[in-house]
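# Remarks on the overall topology
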Amino acid sequence: MVSVKFSYAVVFLIGFLPPFDLSETALKLDSLIGDIEDAVSSTMTKNLKKYYATQDSEDTRLRAIKTLKLTEDILTSVTKRQPQWGRLVSAVDHRVDRALAILRPQAIADHRALLASLGWPPSLSSLTSAAPNKAKILNPLFTMQGDLKHQYCENFFALCSLQELQRRRKSRQLEGYSREVAIYQPLWVIEELVNPMFLASQRHLSNWVEKPEFIFALVYKMTRDYVDSMDELLQPLVDEAMLSGYSCREEWISANVSSLSTYLAKEIFPKYDAQVDEENDMDTQSQARTSWLHLIDLMISFDKQIKSLLEHSGVSFSFQEDESMQKISSFSVFSDRPDWLDLWAKIELGEILNKLKNDCEDEKNWTIKVQGANLSSNPDDYNAPPITSAFIRHLSAIINRCRSLPKKSLRSRFLRSAGAPILIKFLDCLLFRCQEAEGLTALTNDEALIKVATSINAARKLESVLREWCEDLFFLELGSIHRDQAEENESGKGLIEDLENGIFDVETEKLEALRMEWVEKLYVVILRGFDALCRDYMKNKRQWQEKSEEGWTVSKSLVGALDYLQGKMSVLEVNLNRKDFIGVWRSLASGIDRMIFNGILLSSVKFYDGGVERFGSDLEVLFGVFRSWCMRPEGFFPKLSEGFKVLKMSEKQLKNDFVGSEKWLEDNRIRHLSVVEVDRIMKNRVFGS
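Criteria and thresholds
- Residues numbered from 1 in each chain as written.
- Predicted model: local features only at pLDDT ≥ 70, side-chain atom pairs only at ≥ 80, totals over all residues.
- Heavy atoms only, no water.
- Helix = DSSP H or I, 4+ residues; strand = E, 2+ residues; numbered from the N terminus.
- Buried < 20%, exposed > 50% of the residue type's maximum accessible area, 1.4 Å probe, protein only.
- Contact = heavy atoms within 4.5 Å.
- Areas by Shrake-Rupley, 256 points an atom, 1.4 Å probe, with all protein chains shown as cover.
- Expected span 1.5 Å × (residues − 1).
- Bend = angle between axes of the 7 residues up to and from the residue.
- Core = buried A, V, L, I, M, F, W, Y, C linked by side-chain atoms within 4.5 Å.
- Phe/Tyr/Trp six-rings, centres within 6.5 Å; stacked < 30°, edge-to-face > 60°.
- Lys NZ or Arg CZ within 6 Å of the ring centre and 35° of its normal.
- Axes fitted to C-alpha atoms, helices over the stretch in contact; angles between N-to-C directions.
- Parallel < 35°, antiparallel > 145°, perpendicular 65-115°, else oblique.
- Left-handed = near helix turned anticlockwise from the far one by under 90°.
- Nonpolar A, V, L, I, M, F, W, Y, C, P; charged D, E, K, R; others polar.

With that out of the way, let us pick up the overall build of the chain. Along its length, the chain carries 29 helices and zero strands. Here the chain holds 689 residues, and 49% of them are scored as buried. When contacts within the chain are restricted to residue pairs at least 6 apart in sequence, long-range pairs at least 24 apart make up 77% of them. With an accessible surface of roughly 34200 Å², the chain has 51% of that area assigned to carbon and sulfur atoms.

Below, the discussion takes up the environment of Val676. In this structure, Val676 sits in helix H29 (residues 675-683). Note on Val676: relative accessible area 59%, which makes it exposed.

A few words on helix H12 (residues 248-277). Taking 1.5 Å per residue as the helical rise, H12 with its 30 residues ought to reach 44 Å, and the 41 Å between its terminal C-alpha atoms agrees with that figure. Where H12 bends most, at Leu264, the angle is about 45°.

Core analysis: the largest hydrophobic core is formed by 204 residues, its most contacted members being Ile190, Trp252, Phe334, Phe530, Phe615 and Leu622. Those residues in contact with Ile190 that lie beyond four places of it in its chain are Met230, Leu234, Cys248, Glu251, Trp252 and Ala255.

Moving on, we get to the packing of aromatic side chains. Tallied over the full model, the rule gives 30 aromatic pairs. An aromatic cluster is present here, built from Phe269, Trp292, Phe331, Phe334, Trp340, Trp344 and Phe414 joined pairwise through their rings. Above the ring of Trp188, the side-chain terminus of Arg104 is found at 3.8 Å from the ring centroid. Lying over the aromatic face of Trp340, Arg337 brings its terminal NZ or CZ to 4.0 Å of the ring centre.

Turning to the packing of helix H21 (residues 505-533) against helix H23 (residues 556-575), a few remarks are in order. Where H21 meets H23, the axes come as close as 8 Å, and the angle between the chain directions of the two elements is 160°. Considering the angle they form, H21 stands roughly antiparallel to H23. Helix-helix and strand crossings are classified by hand; for H21 and H23 the assignment is right-handed. Residue-level inspection shows Leu522, Val525, Ile526, Gly529, Phe530 and Leu533 of H21 in contact with H23, the latter providing Ser557, Leu558, Gly560, Ala561, Leu562, Tyr564, Leu565, Lys568, Met569 and Leu572. A breakdown of the residues in the contact of H21 with H23 according to their chemical character gives 12 nonpolar, three polar and one charged.

What follows is about helix H15 (residues 338-361). Its 24 residues give H15 an end-to-end C-alpha distance of 34 Å, which sits within 8% of 34 Å, the value for a rise of 1.5 Å per residue. Looking only at H15, the buried set comprises Trp340, Leu341, Leu343, Trp344, Ala345, Ile347, Glu348, Leu349, Ile352, Leu356 and Cys360. The inward-facing, buried residues of H15 abut H12, helix H13 (282-311), helix H16 (386-402) and helix H17 (408-441).

Before going further, it helps to examine the packing of helix H24 (residues 578-601) against helix H25 (residues 609-626). For any two helices packed against each other, the geometry is given by the interaxial angle and the distance between the axes. Close contact between H24 and H25 brings their axes to 11 Å; oriented N to C, the two are set at 165°. Classified by the angle between their axes, H24 and H25 sit roughly antiparallel to one another. The crossing of H24 and H25 is right-handed. Every residue of H25 that contacts H24 at Trp585, Ala589, Ile592, Ile596, Ile600 and Leu601 is listed here: Phe615, Leu622 and Phe626. In terms of residue class, the contact of H24 with H25 is made up of nine nonpolar, no polar and no charged.

In structure tokens:
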């Protein structure tokens, strides 16, 4: 029936294409397909239990594979040079598929029979003994000899050749599509070695559900003890079959890991999941969570051992992309069960928050031991309290555990579930402490200032750490994955604008916002206190008609305000981190500049020569308070400095016709005052004693 369909395809195409080329190619392909079908039919009639029949069958199978490869060469050439012959190619593919549907199962059945005759899988007694000796482990692949070894090698070669043929066919058929993912298949011959061994081991594994460390130990030992034979014996056969891109060592390791992951998904995780979900007493629930975390620890340790087998084997480490990493990671079990991943994140988060709760309640963890201004020699420490290091340490632990996951999407999901809530907890603690200090004293005493400064330092430290982390490629990739997920999810549209570079960008921005809010409150509180103490100073208009009191370099009514200012700034200088302290004193200088300028220079007060001298002395003392933190403090009081500059001008300078014009301001380098402001100051200036 197939031959009739094939002939119809040829006749149909002959009416539209050059007859010689098409007919010649069709006849050649028909002849090759006939040879293949004859060879397949012949192998089916052989008695594979007898040696001579086995040898004849193997020779026939190899001839069939050789013919199949020649057929594929022609089909590949036709596909590239004559794409309009699609019906012919489709008809040939159909007949080849029928032949392969018989040929491959036969080859695998013969391979399994040979493995059984070789004594594979080997006994696991030596692997499970109390003191295993690697030298005593008998590897049937190394002990086979003579004709049996020849049969195995030929059968191995035939199976590899069949897989290479199928890969070529898939590559041709998927031309123009994402081929790499679809074409890759585990090495069949390695699967045939791993599957019976793992099946035999399940008798032991089923007894160790409550002792999973034994499961991982046995699987690792099976993987390690037979890995050398993959390189020494089987790799040359794979290379001879032209099965490029395959390492027998890597395939052996990944097949064992895949079998373990399947077993974990079917037998271990469902039981552990059920234990956590059961409504038991607190002790039983705690034990179930501990068992779960212990299982995760074992998986992490196992994966490190597996990667070590690959990295120290002398072969290139090719497993880098997500799809490849899954092949060597026991954590691939979470790929199909995101609910287990969420449960793991929930358990990890619960354990960490319980530990952090006690840390947060201990006031010692919020105390900074100070020995002087800017106590830390390392500016990156930001005078942060010990509680900050505790949060960073636990967050780092979550990040390190997430690195074991084989896919970026899984890592992103885990970090958002287990990592982000830790940062939110930290934010809540900082906000509570700041609000508590503000509510009790309105930040008027030093203790409240120190409490808020400590919280600001903690926020600054964690914010700095997160920004440094998010510059790393690891976090940038996770942030990109999280952004893509948010864009796909309509409920996440509100977050899209906040997602820029890293996965913790939202929390980082919240930390920055909290820090800036309370830094502003600090200087506002100090500015208000300063304003309250110098009200008499600014209301006293008569003092600007006379010089300072005898023996005083500053007005008496300003001394209390300056003392208050210096005291509060000394407290912050010691307890607040350098960067935010700079922001506080600069903002405070700007606020005082505007306050005194508006309250005195722009008021209706009259300045005589003695008053100008007095005002200059007051400004010099005020600037001196800030001279500890900058070389030219007057630069941070631009309005007062330029206003005083106008007051000091001579009567002749102020009688100029151009005084107050834009050009006059520019010529006298007055950049921070307007024409109106200069005019008001000039009108308040009275010359004479």
